[in-house]
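A structural walkthrough
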Amino acid sequence: MRLALFGPPGSGKGTQASILKDRHSLEHLSTGNMLRAARDAGTAVGLEAKRYLDQGELVPDGIVWKIAREALVECGFDDFVLDGFPRTLRQAEWLDRDIQRAGGGLKVISLEVSDNVILKRLSKRRIHRVTGEVYHLENNPPPDDVDPADLIQRADDKPQAVRLRLEVYERETAPIKDHYTRLGALIEVDGAGDVQTVAGRIAQALSS
Ligand code: AMP
């Protein structure tokens, strides 16, 4: 199974990718997680990516493709769910070329969510700095034994960065939808509502 989850920041790609990973035994390939890990580890790639990441801008295609491709090679270009990749037409074309060689059949699930819902979701998103667990202060609050001091807000979840990310999404990333629609690979799913409701819609769309 070859899947890519597509949608604006805060549309639930990471959460749904992790559910798909468990349900279908896939590798969850999140370029955002890979880039943040590289930044935090202080690698050469991470240092190059840092300022883009922190401001909510797209990391240059060449850097992202290098880490995404390495991860794809590692899973033999099969049984993966991409989360946050591709984000530009150039990345999509590079990915398509390799997927074609591997036998094709990429399905791109587009999570449809309005800007208002996104702003609400991201302003209250918090990450546990040790476990990486993602919480929402209202919809998915941390358990009582979690120390609030361990909960951090991603620099790019601050309102100014979120606005920039939404602009970047409209400009750079949204055109990919047309690309995959033309290829007959796009599956649109309503991304509003709670996690399990959206997961159910995705499961249904994949089985039909
Ligand atoms: P995410 O965790 O998917 O929201 O990604 C967080 C940030 O990582 C983005 O705002 C970008 O700075 C960077 N990033 C992740 N994936 C990509 C990609 N495919 N292309 C360019 N930048 C990316």
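As shown above, the structure is provided for reference.
This text gives an overview of the structure that appears in the document. All values derive from a computational prediction rather than experimental measurement.

Glancing now at the site of the ligand. Residues in contact with the ligand amount to 17 residues; listed here are only the nearest, Thr31, Glu57, Gly84, Arg87 and Gln91. Measuring from an oxygen atom of the ligand, one finds a backbone N or O atom of Glu57 at 2.5 Å. Here Val59 contributes a backbone N or O atom positioned 3.0 Å from a nitrogen atom of the ligand. When the ligand sits alone it has 480 Å² of accessible area, and the protein chains cover 96% of it. Where the shell around the ligand is concerned, the elements lending two or more residues are helix H2 (31–41) and helix H3 (44–55). The element contributing the most residues to the shell around the ligand is H2, with four residues. Its residues assigned to classes, the shell around the ligand shows seven nonpolar, four polar and six charged.

Along the chain, the position of Arg36 falls in helix H2. It turns out Arg36 is buried and unbridged, and the closest side chain with the opposite charge, Asp156, is 4.8 Å from it. Ignoring anything within four residues of it in the chain, the contact list for Arg36 reads Leu53 and Arg154.

Formed by 32 residues in total, the largest nonpolar core has its most connected members in Val59, Phe80, Leu95, Leu106 and Tyr180. Top element by residues in this core is helix H4 (residues 61–74). It accounts for seven residues. Membership of the second largest hydrophobic core comes to 13 residues, among which are Ala17, Val81, Ile187 and Leu206.

Quick notes on the rules
- Here the residue numbers are simple positions, counted from 1 along each chain's written sequence.
- With pLDDT at 70 or above as the cut-off, local features in this predicted model cover only qualifying residues; side-chain atom pairs require 80 or more to be listed or tallied, and sums for whole chains, interfaces and linings still use all residues.
- Side-chain numbers come from the whole structure's heavy atoms, not from hydrogens or water.
- Residue proximity to a molecule or strand is established when one non-hydrogen atom of the residue lies within 4 Å of it.
- Counting of polar contacts relies on pairs of N or O atoms within 3.5 Å, with two restrictions inside protein: one atom must be capable of donating a hydrogen and the other of accepting it, and residues adjacent in sequence are counted only when both atoms are side-chain atoms.
- Accessible areas in this description were obtained via Shrake-Rupley with a 1.4 Å probe; residue shielding takes into account the shown protein chains only.
- Secondary structure follows DSSP: runs of H or I at least 4 residues long count as helices, runs of E at least 2 residues long count as strands, and numbering of each begins at the N terminus.
- Charged means Asp, Glu, Lys or Arg here, nonpolar means Ala, Val, Leu, Ile, Met, Phe, Trp, Tyr, Cys or Pro, and polar covers whatever is left, Gly included.
- Residue burial is assigned from relative accessible area. The probe radius is 1.4 Å, only protein chains are included, and a residue is buried under 20% of its type maximum, exposed over 50%, and partly exposed in between.
- Counted charges follow a simple rule, with Lys and Arg positive, Asp and Glu negative, and His plus the chain ends left uncounted.
- Criterion for a salt bridge: a side-chain nitrogen of Lys or Arg within 4 Å of a carboxyl oxygen of Asp or Glu.
- In what follows, a contact means two residues having at least one pair of non-hydrogen atoms within 4.5 Å.
- Nonpolar cores are built from buried Ala, Val, Leu, Ile, Met, Phe, Trp, Tyr and Cys residues. Side-chain atoms within 4.5 Å join them into one set.

Interpretation in functional terms is not warranted from these geometric data alone.
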